[in-house]
Each structure stands twice: as structure tokens, then as C-alpha cells.
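# Fold and contact review
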Amino acid sequence: MDARSVDRVFAALGDPGRRDLVREISARGSATATELAAELPVTRQAVAKQLAALADAGLVAATRRGRETRYELTPQPLGEAMAW
């Protein structure tokens with residue numbers, strides 16, 4: 001993992017809202033932005049923006065299922081950042 005990738009992981013996890021999303025997705029296994037927003041004191045649009053930042057860091061993967069997009073954790077970048 002290169003330094004920029006490590007920077008993206010740490011920057012993504014530096015925000016408490018994104019850490020909350022990681023925790024919630026971890027507990028659920030997968031979730032949509034709408035499901036996550038229902039559990040948090042933020043809008044669906046805010047959740048979608050935070051999920052995009054997590055996806056840019058490689059920490060979540062989006063899978064389209066019908067009309068919804070489900071997000072799952074991809075722990076490999078976190079493991080690589082820890083090893084760094």
C-alpha cells in the first residue's frame with residue numbers, strides 16, 4: 001500500500017461520522033444509505049457523501065441490487081494501513 005492510500009484510509013477514519021457508519025455497517029453486514037440515515041441524526045444525502053469518502057478510501061464497496069445500493073466493509077485497506 002502506498003502512502004497516498006494510507007493517507008486516504010486515515011483521513012476517512014478521522015471523521016467521527018464516518019467511523020459511526022463503519023461501526024453500523026460492521027454490525028449489520030451490509031446496509032443502504034437510507035437504512036443508515038434512519039439510525040443516525042443526519043440526512044440520507046449526508047450519509048451518501050460520507051459513504052463516498054469511505055468508498056474512495058477503499059473501506060466500503062457498493063453493490064447495486066435492484067433499485068438500491070448496498071454497502072459492505074472491505075477491511076483489506078484498513079489492514080494494510082495498520083501494517084504500514
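Residues numbered from 1 in each chain as written. Predicted model: local features only at pLDDT ≥ 70, side-chain atom pairs only at ≥ 80, totals over all residues. Heavy atoms only, no water.

### Notes on the overall build of the protein chain
- Counting secondary structure elements, the protein chain contains five helices and three strands.
- Scanning the protein chain from its N terminus toward the C terminus, one meets helices and strands in the order α-α-β-α-α-β-β-α.
- Against the globule reference of 12 Å for 84 residues, the protein chain gives a C-alpha radius of gyration of 12 Å, in line with a compact fold.
- Counting only C-alpha atoms and orienting by the principal axes, one finds that the protein chain spans roughly 35 × 25 × 20 Å.
- Burial statistics for the protein chain: of 84 residues in total, 30% are counted as buried.
- Taking contacts inside the protein chain between residues at least 6 apart in sequence as the whole, the part at least 24 apart equals 52%.
- On the protein chain, roughly 5200 Å² of surface is accessible, and the fraction owed to carbon and sulfur atoms is 52%.
- Between the mean site of the 12 positive side-chain charges and the mean site of the 11 negative ones, the protein chain shows a separation of 5 Å. (Helix = DSSP H or I, 4+ residues; strand = E, 2+ residues; numbered from the N terminus. Rg over C-alpha atoms; globule rule 2.2 N^0.38 Å. Buried < 20%, exposed > 50% of the residue type's maximum accessible area, 1.4 Å probe, protein only. Contact = heavy atoms within 4.5 Å. Areas by Shrake-Rupley, 256 points an atom, 1.4 Å probe, with all protein chains shown as cover. Lys, Arg positive; Asp, Glu negative; His and termini not counted. Charge placed at Lys NZ, Arg CZ, Asp CG, Glu CD.)

### As for the sheet that holds strand E3 (residues 68-73)
- Judged by pairing direction, the sheet is antiparallel, and its three strands sit side by side in the order E1-E3-E2 without closing on themselves. Both outer strands of the open sheet, strand E1 (31-32) and strand E2 (60-65), are each paired with one neighbouring strand and no more.
- Bridge analysis of E2 against E3 gives six bridges, and the strand direction is antiparallel. Looking across to E3, one finds that Ala62 is bridged to Tyr71. (Pairing = 2+ DSSP bridges.)

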